[in-house]
Amino acid sequence: MPHYHSVVWLDHNEARVMHVSPDDVEKSVVHPANPARHLQRKRGSVSGSRQPEDQQYYHDVVEALSGAVEILIVGPGHAKLELIKHIHAHDHDVVKKIVGVETVDHPGDGQLVAFARKYFVAKDRMLSQ
């Protein structure tokens, strides 16, 4: 069944992608190949610079979002912004599908689906006025 709306909740260790319709949900989970433990600083680095972002992880998240017409990106930290940067740099056709970015802590699957449905209903009401 095709799904018009999708929400992705992500941090640097996991992305939960939910394709949502009024009466159905299709879930997938994406994990990075090498989850970062200490993302802020390289261990033993003289410069103390950040570890590079896992571009393959973000690519896999975008792949999991395929088929969505409208995408809501949520999460507790910077990973959602890194995903948006990746999309702008590598997946130009997905940019126009992003309808919102929200900070959301660590919801359960049911809470995430409820949040997404409420968000999309409110967005659709705003556009219809």
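Further up the page is the structure itself.
Trainee: Which parts of the structure should I look at to understand the packing of aromatic side chains?
Mentor: To describe a pair of aromatic rings, you give the distance between the ring centres and the angle between the ring planes. As enumerated under the stated definition, the model contains three aromatic pairs in all. Ring pairing ties together the aromatic residues Phe115, Tyr119 and Phe120, which thus form one cluster. A cation over an aromatic ring shows up here: Arg16 above the ring of Trp9, its NZ or CZ 4.9 Å from the ring centre.

Trainee: How should I be thinking about the side chain of Ser6 in this particular structure?
Mentor: Here Ser6 is to be found in strand S1 (residues 5–10). Here the side chain of Ser6 touches His19 through a polar contact of 2.5 Å, side chain to side chain. Apart from the residues lying within four places of it in its own chain, the contact partners of Ser6 are Met18, His19, Leu65, Ala68, Glu70, Ile71, Leu72 and Phe120.

Trainee: I keep staring at the pattern of salt bridges and nothing clicks. Help me out?
Mentor: Here the idea is simple: oppositely charged side chains can pair when their charged atoms come close. If you walk through the whole model with that rule in mind, you get five salt bridges. We note a salt bridge from Lys85 to Glu82, for which the minimum N-O separation is 3.5 Å. Separated by three residues within a single helix, Lys85 and Glu82 lie in helix H2 (residues 79–90), roughly one turn from each other. Look at Lys85 and you get exposed, because its relative accessible area is 53%. On the accessibility criterion, Glu82 (17% relative accessible area) is buried. Through salt bridges with shared partners, a single network forms among Glu14, Arg16, Lys27 and Asp109.

Trainee: What should I look at first to understand the pairing of strand S4 (residues 70–75) in this one?
Mentor: Taken residue by residue, a regular strand's side chains alternate between the two faces of the sheet. Buried residues dominate S4, accounting for six of its six residues. Across five bridges, S1 lies against S4 in parallel orientation. Considered in S4, the bridge of Ser6 is made with Ile71. Pairing geometry for S4 and strand S5 (residues 98–103), over five bridges, is parallel. Its bridge partner being in S5, Ile73 is matched across the sheet by Val101.

Trainee: How do you make sense of H2 when you look at a structure like this?
Mentor: Given 3.6 residues per turn, any residue in an α-helix points the same way as the ones three and four places further on. For H2, with 12 residues, the first-to-last C-alpha span of 16 Å sits near the 16 Å given by 1.5 Å per residue. Taken as a whole, H2 has its buried residues at Ala79, Lys80, Glu82, Leu83, Ile84, His86 and Ile87. Contact partners of the buried residues in H2: S1, helix H1 (55–64), S4, helix H3 (92–95) and S5.

Trainee: Looking at this structure, how should I read the sheet that holds S4?
Mentor: Hydrogen bonds between backbone atoms are what pair the strands of a sheet, whose relative direction is either parallel or antiparallel. In spatial order, the strands read S3-S2-S1-S4-S5; together these five strands make up an open sheet with mixed pairing. The sheet is open, and its two borders are formed by strand S3 (24–30) and S5, each paired with just one other strand. The sheet shows a mean angle of 15 degrees between the axes of neighbouring strands, direction not considered. Where H1 meets the sheet, its contacts fall on S1, strand S2 (15–21) and S3, and the angle it forms with S3 comes to roughly 165 degrees. Along the sheet, H2 makes contact with S1, S4 and S5, crossing S4 at roughly 145 degrees.

Reading the values: the criteria
- Residues numbered from 1 in each chain as written.
- Predicted model: local features only at pLDDT ≥ 70, side-chain atom pairs only at ≥ 80, totals over all residues.
- Heavy atoms only, no water.
- Phe/Tyr/Trp six-rings, centres within 6.5 Å; stacked < 30°, edge-to-face > 60°.
- Lys NZ or Arg CZ within 6 Å of the ring centre and 35° of its normal.
- Helix = DSSP H or I, 4+ residues; strand = E, 2+ residues; numbered from the N terminus.
- Polar contact = N/O pair within 3.5 Å; in protein donor to acceptor, adjacent residues only side chain to side chain.
- Contact = heavy atoms within 4.5 Å.
- Salt bridge = Lys/Arg side-chain N within 4 Å of Asp/Glu carboxyl O.
- Buried < 20%, exposed > 50% of the residue type's maximum accessible area, 1.4 Å probe, protein only.
- Pairing = 2+ DSSP bridges.
- Expected span 1.5 Å × (residues − 1).
- Axes fitted to C-alpha atoms, helices over the stretch in contact; angles between N-to-C directions.

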